[in-house]
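Spelled out, the chains give:
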Amino acid sequence: DVYKRQKLDIIEINYIKDGIEVDDVLSLSRLLKLPVSKMIRQKEVEFQQLSLDLTNDLLCAKAVSDIPSMLERPVVVYEGRAIIARPAELVHELF
């Protein structure tokens, strides 16, 4: 796995299992420099069942907090920057 090859000391947060707070979603949005709507897995069935205003970051963050599986993954945060590491090799952009 990319992280092990880089010998990175990472802390993994399983937000699908443990959940994610609205404020944390908004913080990730700022670190990623993306609107929350760009962090949502729009092919997820749960997303498609919502009539979500994608221009409203707060409403999108609340939806992600309610249904964490909608958040793109993995999100890697390093030294005040973040990236959606999909594919995993994109993590190199943080170094």
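Remember, predicted model here, so these are calculated numbers, not experimental data.

A.B. asks: Kindly report on the overall build of the chain, identifying the contributing residues and their values.
C.D. replies: If you tally the helices and strands in the chain, you get 5 helices and 2 strands. With 95 residues in all, the chain has 36% of them scored as buried. In the structure as shown, the chain presents an accessible area of about 6500 Å², 51% of it carried by carbon and sulfur atoms.

A.B. asks: Give a detailed account of the pattern of salt bridges, specifying residues and quantitative values.
C.D. replies: A complete count under the given rule lists 2 salt bridges for this structure. Between Arg-86 and Glu-72 there is a salt bridge, and its shortest N-O distance comes to 3.3 Å. In this pair, Arg-86 sits in the segment after strand E2 (81-84) while Glu-72 sits in the loop between helix H5 (57-66) and strand E1 (75-78), placing the two residues 14 residues apart along the sequence. Assessed through its relative accessible area of 17%, Glu-72 is described here as buried.

A.B. asks: Lay out the pairing of E1 with the relevant residues and their values.
C.D. replies: Judged from the 4 bridges that link them, E1 and E2 form a sheet pairing that is antiparallel. Residue pairing for E2: Tyr-78 is matched across the bridge by Arg-81.

A.B. asks: So, the nonpolar core: which residues are in play, and what are the values?
C.D. replies: Of all hydrophobic cores here, the largest spans 20 residues; its most connected members are Ile-20, Val-25, Val-36, Val-64, Leu-71 and Val-75. Those elements that provide at least two residues to this core are helix H3 (22-32), H5 and E2. It is H3 that provides the largest number of residues to this core, a total of 5 residues. With near-sequence residues (within four places) excluded, Leu-71 lies in contact with Tyr-15, Ile-20, Leu-28, Met-39, Arg-41 and Val-64. Judged by nonpolar contacts, the second largest core, of 5 residues, contains Val-76, Ile-83, Val-91 and Leu-94.

A.B. asks: Outline the side chain of Arg-41, supporting the account with residue identities and numerical values.
C.D. replies: Note that Arg-41 resides in the loop between H3 and helix H4 (45-49). Apart from residues lying up to four places away in sequence, Arg-41 is in contact with Phe-47, Ser-69, Met-70, Leu-71, Glu-72, Arg-73 and Arg-86.

Rules of the game
Residues numbered from 1 in each chain as written. Predicted model: local features only at pLDDT ≥ 70, side-chain atom pairs only at ≥ 80, totals over all residues. Heavy atoms only, no water. Helix = DSSP H or I, 4+ residues; strand = E, 2+ residues; numbered from the N terminus. Buried < 20%, exposed > 50% of the residue type's maximum accessible area, 1.4 Å probe, protein only. Areas by Shrake-Rupley, 256 points an atom, 1.4 Å probe, with all protein chains shown as cover. Salt bridge = Lys/Arg side-chain N within 4 Å of Asp/Glu carboxyl O. Pairing = 2+ DSSP bridges. Core = buried A, V, L, I, M, F, W, Y, C linked by side-chain atoms within 4.5 Å. Contact = heavy atoms within 4.5 Å.

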